[in-house]
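A look at the structure
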Amino acid sequence: MLVEETSKMETELVRNLDNELDEMKESILDSVAESKGFFKSQQVGEKDLTVSEKREIASNLLRENVPLFLQRYWKYIKLEDIDYFSAHESYEVKFYLTEIRKYRDARTSNTQIKNRRYGALKKMVKEGSYFSDAEMKRRNPFLFDKFIFQHLTEKERIAAYREQNCDEKFSSFLLGQMERNVENCLFEKQKGEDEAVVEENDDDDESEESELEDAEQLQPVSPLEKSRLRTEFTNIMYESFLSGKDREFDYSSVDYNAEYDPPEGDLDAEDKYFDEESPEEISMDYNTDDDLDRGDES
């Protein structure tokens, strides 16, 4: 009787293990079939493979040559599915399983940093200091002038100056003058860099178009256009912060600070605004009135 019960338990364990392996196999093939991996050589103009066709090719390769399967598709395999290959002892298989672990760990760490920077950005926008006009102008005076200041009326410029300097004492004035001198130097540097890029990329016709555009920019713009330009400018500044380009900012105070982790249950910040394969290239289209919800990408 005891032997019979033991045999039943062993049979049940084997069945459960087989089911788990089948589920992992299906998950692996699903991930690979949805990927941009290589499946077969195709002629120019040949119709793209369907997901079903990709899945069949991947399934056949997995059955016939596990090392080659991993060589082609290891980046698309989830960490929770690698136990499917645990029975394989070859060097090639072990190598790619190690690569999967390292790759997934790095992706997790990268996502955590992105999430924390996004959390810090939302907090700083609400506080209104780091992303105030004065601070953004200090960090990038050239873009501030291009997108905002040159489109202000004389009255708006005077009002903005008075608002920023209403309580200024003489000592503060001297310090402010020093900061303005630094801003002016930075402005000229950024302007020179911008002009160098234009000269390098533009031909004669494009230069004429650029001159016409510059002339148009000097004309008064509507309130709606001012709003659009301001949004574009602030988006650029948000992107600069998130991508780690604000040289004076201490990113270690955010990247290694759990205070900025998103609340449990929130959507992953990476899914909201980061391109999955190119974390360095961040596309932003925020509206501060909507608590930085992402808008349509331009």
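The structure under discussion appears in the preceding block.
Residues numbered from 1 in each chain as written. Predicted model: local features only at pLDDT ≥ 70, side-chain atom pairs only at ≥ 80, totals over all residues. Heavy atoms only, no water.

1. Describing the overall build of the protein
Note the cut-off: Secondary structure counts use DSSP, requiring at least four H or I residues in a row for a helix and at least two E residues in a row for a strand, with both numbered from the N terminus. Think of it in three bands: with a 1.4 Å probe and only protein chains considered, a residue is buried below 20% of the maximum accessible area for its type, exposed above 50%, and partly exposed in between. A contact between two residues is defined here by any heavy atoms of the two lying within 4.5 Å. Reported accessibility uses the Shrake-Rupley method at a 1.4 Å probe radius. Residues are deemed covered only where the shown protein chains occlude them.
Secondary structure assignment for the protein yields 12 helices and 2 strands. Each helix and strand of the protein, ordered N terminal to C terminal, gives the series α-α-α-α-α-α-α-α-α-α-α-α-β-β. Within the protein, buried positions represent 28% of all 298 residues. Here the analysis covers contacts within the protein between residues at least 6 apart in sequence; of these, 66% occur between residues at least 24 apart. Working note: accessible area of the protein is about 20700 Å², and carbon and sulfur atoms make up 49% of it.

2. Comments concerning the packing of aromatic side chains
Note on aromatic pairs: each is described by the distance of the centres and the angle between the planes. This is how it is decided: Each Phe, Tyr or Trp ring (for Trp, its six-membered ring) is paired with any other whose centre lies within 6.5 Å, and the angle between the two planes then decides the class: stacked below 30 degrees, edge-to-face above 60, tilted in between. Lysine NZ or arginine CZ positioned within 6 Å of the ring centre and within 35 degrees of the ring normal marks a charge as sitting over the ring.
One pass over the structure, following the stated rule, counts 16 aromatic pairs. Pairwise contacts between aromatic rings join Tyr 130, Phe 131, Tyr 238, Phe 241, Phe 249 and Tyr 251 into one cluster. Sitting over the ring of Tyr 130, Arg 139 keeps its end group 3.8 Å from the ring centre. The aromatic ring of Phe 131 is capped on one face by Arg 139, whose charged end is 5.5 Å from the ring centroid.

3. Structural notes on the nonpolar core
Put simply, the rule reads: By nonpolar core is meant a set of buried Ala, Val, Leu, Ile, Met, Phe, Trp, Tyr and Cys residues that side-chain atoms within 4.5 Å join together.
The biggest cluster of nonpolar side chains holds 23 residues, and the ones touching the most others in it are Leu 121, Phe 131, Phe 233, Phe 241 and Phe 249. Taken together, the elements giving at least two residues each to this core come down to helix H4 (91–127), helix H6 (141–147) and helix H10 (223–242). In terms of residue count, H10 provides more of this core than any other element does, 6 residues in total. In this structure Phe 233 touches Met 136, Asn 140, Leu 143, Phe 144, Phe 147 and Ile 148, once residues within four positions along its chain are discounted. Counting residues in each nonpolar core, the second largest holds 21 residues, with Val 32, Leu 61, Tyr 73 and Ile 82 among its members.

4. Some points on the pattern of salt bridges
Selection rule: Each reported salt bridge corresponds to a side-chain nitrogen of Lys or Arg within 4 Å of a carboxyl oxygen of Asp or Glu.
In this structure the tally under the stated criterion is 14 salt bridges. Between Glu 26 and Arg 55 there is a salt bridge whose closest N-O contact spans 2.6 Å. You can see Glu 26 sitting in helix H1 (residues 2–33) and its partner Arg 55 sitting in helix H2 (residues 51–64), a full 29 residues away along the chain. Residue Arg 55 is classed as partly exposed on the basis of its relative accessible area of 23%. Its salt-bridge partner being Asp 30, residue Arg 55 comes within 3.1 Å of it at the nearest N-O pair. With a gap of 25 residues between them, Arg 55 in helix H2 and Asp 30 in helix H1 connect regions that are remote in the sequence. When salt bridges with common partners are traced through the structure, they connect Glu 26, Asp 30 and Arg 55 into a single cluster.

These results come straight from atomic positions and should not be treated as a statement about function.
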